[in-house]
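# Summary of the model geometry
The lines below spell out each chain.
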Amino acid sequence: MTAISADVVVLDIEGTTSAAGFILGDLYDYARPRLDALLTRDDDTVRAARADAIAETGLDADATDVEVADALRELMASDVKSTPLKTLQGILWAEGFAAGEIHSQFFEDVPPRLRAWREAGVRLAVYSSGSVASQVPWFRHAPQGDLTPLVEDFFDTVSAGPKKESGSYDRIAAALGVAPGRALFLTDHPDEVAAALAAGWQVVALDRAGEPWHGAEFTAPSVASFDEIELSR
């Protein structure tokens, strides 16, 4: 059991609250064939993400929608944390959740602990490389019930910055109005552990069996389940 005193818990998603394989499987499979049609929409967010994707992938400015979609699918195949890709995925996933065509997934230990922590007065927030537009429906459509009432705020790489840079955690702490030493970050990625620690945060690493970073060397205490975290204010 790892004992922590904190005012705010900030949650990573992939590999921490939810299985990476589910996201890289079901959700990616849903988005891949829908990218082409999405890119044709007369929508400011889509147009901006399309332009950013062209710049990021090195395509010609006059690249076709099919060429842009293929480049985005290549990023997906390598699980590149691309901001324009995450923006477009978030649009598709939000629509898929709303239509009941896709559903989210949480480890069984997560929802009960989130509810218990919130009832104890601990504030909760989310910080993921996935866009806020995809994070919110992910928590809203949890099999265990709507979890969004538990979460005070959501952050992504657009609103906070890259997850492997300490400055991103400074921005989140400022936005939440919490001292870094009273914030706890839960993540499964060693580089994110290091970045949050460098910002003065408390960190607990999730070392879940079967997840991509299982067995990694973490520079913070590690647990296999939220049930192993004894949290107080």
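Residues numbered from 1 in each chain as written. Predicted model: local features only at pLDDT ≥ 70, side-chain atom pairs only at ≥ 80, totals over all residues. Heavy atoms only, no water.

### Describing the sheet that holds strand S7 (residues 222–223)
Quick reminder of the rule: Paired strands, as defined in this entry, are two strands with at least two bridges between them according to DSSP. In this text, helices come from DSSP runs of H or I with a minimum length of four residues, and strands from runs of E with a minimum of two, each type numbered from the N-terminal end. What makes two residues a contact is simply this: any of their non-hydrogen atoms within 4.5 Å. Each axis is a line fitted through C-alpha atoms, and for a helix only the stretch in contact is used; angles between axes span 0 to 180 degrees, taken between their N-to-C directions.
Taken in spatial order, the six strands line up as S4-S3-S2-S5-S6-S7 in an open sheet, and their pairing is parallel. With partners counted over all chains shown, the strands left at the sheet margins are strand S4 (153–155) and S7, one partner each. Judged from the four bridges that link them, strand S5 (residues 183–187) and strand S6 (residues 202–206) form a sheet pairing that is parallel. Residue pairing across strands places Leu184 opposite Gln202, the latter belonging to S6. Strands in contact with helix H7 (residues 132–140) are strand S3 (123–127) and S4; relative to S4, the strand with the most contacts, it is inclined by about 135 degrees. Here helix H8 (residues 166–176) sits on the sheet in contact with strand S2 (8–11), S3, S4 and S5, set at roughly 145 degrees to S3.

### Focus on the packing of helix H3 (residues 44–57) against helix H4 (residues 65–77)
What counts here: Angular relationships are summarised with four words: roughly parallel below 35 degrees, roughly antiparallel beyond 145, roughly perpendicular across 65 to 115, and oblique for the angles in between. Each crossing is labelled by how the near helix is turned from the far one, with a counterclockwise turn of less than a right angle marking it left-handed and a clockwise turn marking it right-handed.
The geometry of H3 relative to H4 is characterised by a closest axis approach of 10 Å and an angle of 65 degrees between their N-to-C directions. Considered as vectors, H3 and H4 are oriented roughly perpendicular to each other. Where H3 crosses over H4, the handedness of that crossing is left-handed. Along the contact surface, H3 presents Arg50, Ala53, Ile54, Glu56 and Thr57, while H4 presents Asp65, Val68, Ala71, Leu72 and Leu75.

### Here's the deal with the pairing of S5
Each regular strand displays side chains that alternate between the two surfaces of the sheet. As a reminder, the rule being used: Relative accessibility decides the category of a residue: with a 1.4 Å probe and only protein chains considered, values under 20% of the type maximum give buried, values over 50% give exposed, and everything between is partly exposed. Orient the strands so they point away from the viewer; a crossover is then right-handed if the path from the first strand over the helix to the second runs clockwise.
Of all five residues making up S5, five are buried, and the element is well covered by its neighbours. Residues of S5 alternate between two faces, with Ala183, Phe185 and Thr187 on one and Leu184 and Leu186 on the opposite face, all of them buried. Alignment of S2 against S5, held across four bridges, turns out to be parallel. Paired with Leu11 across the strands is Leu186, a residue of S5. Handedness of the crossover joining S5 and S6 through helix H9 (residues 190–198): right-handed.

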